[in-house]
Amino acid sequence: MTPKNTLWALLALMFACGMADALYAASHVHMPDWWALLSAFLLNFLPYYWYRLDSEARLFRRSRWLSSAVVGISPLGIPLYLLRSRPQGSRLTSLARMSGFLLMMLGAAAAGVFAFFVMPG
């Protein structure tokens, strides 16, 4: 799997999470524990997996502390990784692209909710 495919998987997961949230909210049913655990695991695993693939592709030496930050506090760990792993001239560009991807993730979740409500039946 490539880093780009991992990001596509993360967007698909956000779409599925939005759809599942809408389904269980509309039917007034409690979300199953297995779905909550699986989606939480994947939402933590996929960013770390992207980080591992991207750092290997860039030959960036990952420290234990940075890996822990990416897993434990991704909103801080991933920008820190981007700042440390990118060349001087492209650091702000990589942070801007990350911000755009975060907006795409929110859009995918919203699209999942919208898709649920426009489905026939």
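For the structure, check the block above.
Below is a short write-up of the structure. The residue count restarts for each chain, going from 1 along the sequence in the order it is written. In view of the model being predicted, local features appear only for residues whose pLDDT reaches at least 70, and side-chain atom pairs are presented and counted only at 80 or more, with totals across whole chains, interfaces and linings using the full set of residues. Remark: hydrogens and water are excluded; side-chain values derive from all non-hydrogen atoms of the structure.

### Some remarks on the packing of aromatic side chains
Part 1: Side-chain rings of Phe, Tyr and Trp, where Trp is taken by its six-membered ring, are said to pair if the distance between their centres is within 6.5 Å; with planes under 30 degrees apart they count as stacked, over 60 as edge-to-face, and otherwise as tilted. Using the criterion set out here, one finds eight aromatic pairs in the structure.
Part 2: Relative to Tyr81, the ring of Tyr51 lies with its centre 4.9 Å away and its plane at 90 degrees, an arrangement referred to as edge-to-face. Taken together, the residues Tyr51 in helix α2 (residues 33-57) and Tyr81 in helix α4 (residues 74-85) connect sequence positions 30 residues apart. Each member of the pair, Tyr51 together with Tyr81, is buried. Only DSSP runs of H or I with at least four residues qualify as helices, and only runs of E with at least two residues qualify as strands; both kinds are numbered from the N terminus onward. Summary of the burial criterion: residues with accessible area below 20% of their type's maximum are buried, those above 50% are exposed, and those between are partly exposed, where the area comes from a 1.4 Å probe applied to protein chains only.

### With respect to the packing of helix α1 (residues 3-26) against helix α5 (residues 91-118)
Part 1: To define axes, lines are fitted to C-alpha atoms, for helices over the stretch in contact only, and angles between the resulting N-to-C directions are given on a 0 to 180 degree scale. For the pair α1 and α5, the least separation of the axes is 7 Å and the interaxial angle reads 40 degrees. Here α5 runs oblique to α1, going by the angle between their axes. In this structure, α1 crosses over α5, and the sense of that crossing is right-handed. Every residue of α5 that contacts α1 at Leu7, Leu10, Leu11, Met14, Phe15, Gly18, Met19, Ala22, Leu23 and Ala26 is listed here: Phe101, Met104, Met105, Ala108, Ala109, Ala111, Gly112, Val113, Ala115, Phe116 and Phe117.
Part 2: Polar here means any residue outside two lists: the nonpolar Ala, Val, Leu, Ile, Met, Phe, Trp, Tyr, Cys and Pro, and the charged Asp, Glu, Lys and Arg; Gly therefore counts as polar. Taken together, the residues of the contact of α1 with α5 sort by class into 19 nonpolar, two polar and no charged. Convention used here: angles under 35 degrees read as roughly parallel, angles over 145 as roughly antiparallel, angles from 65 to 115 as roughly perpendicular, and any remaining angle as oblique. Helix crossings fall into two classes, left-handed where the near helix is turned counterclockwise from the far one by less than a right angle and right-handed where it is turned clockwise. Every residue pair with non-hydrogen atoms within 4.5 Å of one another is taken to be in contact.

### Things to note about the layout of surface pockets
Part 1: Points on a 1 Å grid over protein atoms alone make up a cavity when a 1.4 Å probe fits among them but cannot get out, and a pocket when they form an open set with protein on both sides within 12 Å along at least five of seven lines; lining residues each have an atom within 4 Å of a point. Grid points are joined across faces, edges and corners, and a volume is the space filled by probe spheres set on the points. Considered as a void within the structure, the largest pocket measures approximately 890 Å³ in volume.
Part 2: Lining the largest pocket we find 27 residues, and of these Leu7, Trp50, Arg97, Met98 and Phe101 sit closest to its centre.
Part 3: Elements with a contribution of two residues or more to the lining of the largest pocket: α1, α2, α4 and α5.
Part 4: Among the elements that line the lining of the largest pocket, the one with the most residues is α5, at eight residues.
Part 5: Classifying every residue of the lining of the largest pocket gives 17 nonpolar, five polar and five charged.

Everything listed is a geometric property; what it means functionally is a separate question.
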